[in-house]
Amino acid sequence: MRRSAAFAALLLLAACGKQGALEPRAGRAAPQRAATQVRAATPQEMLKIDPQAVPQRVDDNQGALPERGNDPFNLPPPRED
């Protein structure tokens, strides 16, 4: 019963998204354009994420690790006799 109620709540929550075009609120003007822009940006252009805001992931940022010398903590696993 609890799962079905949670599922119904999730469906209702998912259905509450805006479907129409983005427009400024009533009585408020659209954001002004920047001094370097030729024209004002559209709402879709304003929602576009700048590539610098989401950098590409680098998996190996260190390269190969150097070999460690005499390491007193580098012990073999215990033997199971």
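In short, a report on the structure. (Residues numbered from 1 in each chain as written. Predicted model: local features only at pLDDT ≥ 70, side-chain atom pairs only at ≥ 80, totals over all residues. Heavy atoms only, no water.)

### A closer look at the overall build of the protein chain
Step number 1: Counting secondary structure elements, the protein chain contains 2 helices and 0 strands.
Step number 2: Within the protein chain, the proportion of its 81 residues that are buried is 1%.
Step number 3: Taken as a whole, the protein chain presents about 9000 Å² of accessible surface, with 56% of it coming from carbon and sulfur. (Helix = DSSP H or I, 4+ residues; strand = E, 2+ residues; numbered from the N terminus. Buried < 20%, exposed > 50% of the residue type's maximum accessible area, 1.4 Å probe, protein only. Areas by Shrake-Rupley, 256 points an atom, 1.4 Å probe, with all protein chains shown as cover.)

### Description of helix α1 (residues 2-14)
Spacing of three or four residues puts side chains on the same side of an α-helix, whose turn is 3.6 residues.
Step number 1: Here α1 spans 18 Å end to end across 13 residues, near enough to the 18 Å set by a 1.5 Å rise per residue.
Step number 2: Little of α1 is tucked away, with 0 of its 13 residues classed as buried. (Expected span 1.5 Å × (residues − 1).)

### Structural notes on the side chain of Asp 71
Step number 1: Inspection of the secondary structure puts Asp 71 in the segment after α2 (43-47).
Step number 2: Engagement of the side chain of Asp 71 in a polar contact is seen with the backbone nitrogen of Phe 73, the distance being 3.1 Å. (Polar contact = N/O pair within 3.5 Å; in protein donor to acceptor, adjacent residues only side chain to side chain.)

### A look at the pattern of salt bridges
Step number 1: Applying the stated criterion to the full structure yields 1 salt bridge.
Step number 2: Arg 39 is paired through a salt bridge with Glu 45; the nearest N and O atoms lie 2.8 Å apart.
Step number 3: The exposure class assigned to Arg 39 is partly exposed, which follows from its relative accessible area of 48%.
Step number 4: Residue classification places Glu 45 among the partly exposed positions, given a relative accessible area of 37%. (Salt bridge = Lys/Arg side-chain N within 4 Å of Asp/Glu carboxyl O.)

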